[in-house]
Amino acid sequence: MSPQAHIILRNVSVTFPVLSFRDRSLRSRFVRAMTLRRKAPRPHIVTALNGIDLDVRAGDRVAIVGANGAGKTTLLRVLAGIYHPTAGNIDVLGRCLSLFDLSAGFDEEATGYENIMRRGLVIGARRTEIDARRVEIAEFTELGDRLDLPLRTYSSGMMLRLIFAVATAVEGEIVLLDEWIGVGDQQFRKKARLRLDEIVARAGILVLASHDLDLIKSTCNRAILLEEGRITVSGTIEEVLARYLGAAKV
Ligand SMILES: Nc1ncnc2c1ncn2[C@@H]1O[C@H](COP(=O)(O)OP(=O)(O)OP(=O)(O)O)[C@@H](O)[C@H]1O
């Protein structure tokens, strides 16, 4: 593990241009084509992150809190390299393990085994690494021969077992997580929680976006509050939660 694993964000913003349904409709395009109104409609700009400055160093376990739509998932996606900032600079050093966006990489028609590889590559593992851990991953799922069947035949609990087993067989210096601890049935949940604790303990850096205050208190050593895409408070868990709970009037 590189001791210099870090995340540095300077003035990072992410915006999404969004066309309204009306502007995107065939009818509207047809009317535009048939009339003199040939000018393309101007998209509405959604600002998901706005001028984010953040320094995270090895040993930091950072909770991201905020109301729905505050920008938590967008920030995780930026850190994982899924979204590129529309403005600002980002410097992430260390291997990221992305334990969110649960369905990314899966193919309903492919078998469980094939999906182990697909999902592994999506979360940042190398092909050789997944190959080397295939048996271990399969055993962790406890799905046995069902791993030879296409994913569309799986129940949601079986699917979660697969997702979890792949995710936790891969090492990451920087673990990016949102709240998805409650996987599967009671017995698997216990096993999953133990495995997750191991991963978090091994990681140099944890970034956890969550609404689960107990999870935050037991896992993190600092926090940031996001409000409408901006960091409004950064500090200890107590400081940030006090402000968050005050603002949320919980
Ligand atoms: N692909 C997208 N296109 C347009 N707007 C988006 C897109 N992704 C996110 N947004 C907008 O960006 C803002 C932040 O969304 P984000 O998903 O990061 O919030 P969040 O804090 O994770 O919310 P939640 O707690 O509900 O999961 C919201 O206003 C959302 O509507």
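Residues numbered from 1 in each chain as written. Predicted model: local features only at pLDDT ≥ 70, side-chain atom pairs only at ≥ 80, totals over all residues. Heavy atoms only, no water.

The name an unreviewed UniProt entry gives the protein is ABC transporter ATP-binding protein, with Bradyrhizobium zhengyangense as the organism. The UniProt entry for the protein carries this comment under Sequence similarities (unreviewed entry): "Belongs to the ABC transporter superfamily." (UniProt positions renumbered as here; feature names shortened; annotations may be inferred.)

J.: Give me the lowdown on the sheet that holds strand S9 (residues 230–235), citing residues and values where you can.
T.: Strand pairs in the sheet, formed through backbone hydrogen bonds, run parallel or antiparallel to each other. The strand order S5-S6-S7-S3-S8-S9 describes an open sheet built from six strands, whose pairing is mixed. Here the strands that pair on one side only, and so sit at the sheet edges, are strand S5 (96–99) and S9. Geometrically, the sheet is characterised by an average inter-axis angle of 15 degrees between neighbouring strands, direction not taken into account. Strand direction decides the pairing type here: strand S6 (residues 174–178) and strand S7 (residues 205–209), joined by five bridges, are parallel. The partner of Val175 across the bridge, within S7, is Leu206. Sitting on the sheet, helix H3 (residues 72–80) touches strand S3 (61–65), S5, S6, S7 and strand S8 (222–227), and the angle it makes with S6 is about 155 degrees. (Pairing = 2+ DSSP bridges. Helix = DSSP H or I, 4+ residues; strand = E, 2+ residues; numbered from the N terminus. Axes fitted to C-alpha atoms, helices over the stretch in contact; angles between N-to-C directions. Contact = heavy atoms within 4.5 Å.)

J.: Break down the packing of helix H6 (residues 134–141) against helix H7 (residues 156–167) for me, with residues and values.
T.: The interhelical angle for the contact between H6 and H7, taken along N-to-C directions, is 140 degrees, at an axis separation of 8 Å. In this structure, H6 crosses over H7, and the sense of that crossing is right-handed. In this structure, H6 contributes Ile137, Phe140 and Thr141 to the contact, and H7 contributes Arg161, Leu162, Phe164, Ala165 and Val166. (Left-handed = near helix turned anticlockwise from the far one by under 90°.)

J.: Any chance you could break down the site of the ligand for me, citing the residues and the numbers?
T.: Around the ligand lies a shell of 14 residues, among which Asn68, Gly69, Lys72, Thr73 and Thr74 are the nearest. Contacts to the ligand include Ala70, whose backbone N or O atom sits 3.1 Å from an oxygen atom. Residue His211 places a side-chain N or O atom 3.0 Å away from an oxygen atom belonging to the ligand. Looking at the shell around the ligand, the elements that each hand over two or more residues are strand S1 (6–18), strand S2 (44–57) and H3. With three residues, H3 is the largest single contributor of residues to the shell around the ligand. Residues that form the shell around the ligand fall into these classes: seven nonpolar, six polar and one charged. (Near = heavy atom within 4 Å. Polar contact = N/O pair within 3.5 Å; in protein donor to acceptor, adjacent residues only side chain to side chain. Nonpolar A, V, L, I, M, F, W, Y, C, P; charged D, E, K, R; others polar.)

J.: Any chance you could break down the sheet that holds S1 for me, citing the residues and the numbers?
T.: Read across the sheet, three strands follow the order S2-S1-S4 without closing on themselves; strand pairing throughout is antiparallel. Of all the strands in the sheet, just S2 and strand S4 (87–93) have a single pairing partner and so form its edges. On average, adjacent strands in this sheet sit at an angle of 25 degrees to one another, irrespective of strand direction. The pairing of S1 with S4 spans six bridges and is antiparallel. Its bridge partner being in S4, His6 is matched across the sheet by Leu93. Taken strand by strand, H3 contacts S1, S2 and S4, and its axis lies near 120 degrees from that of S1.

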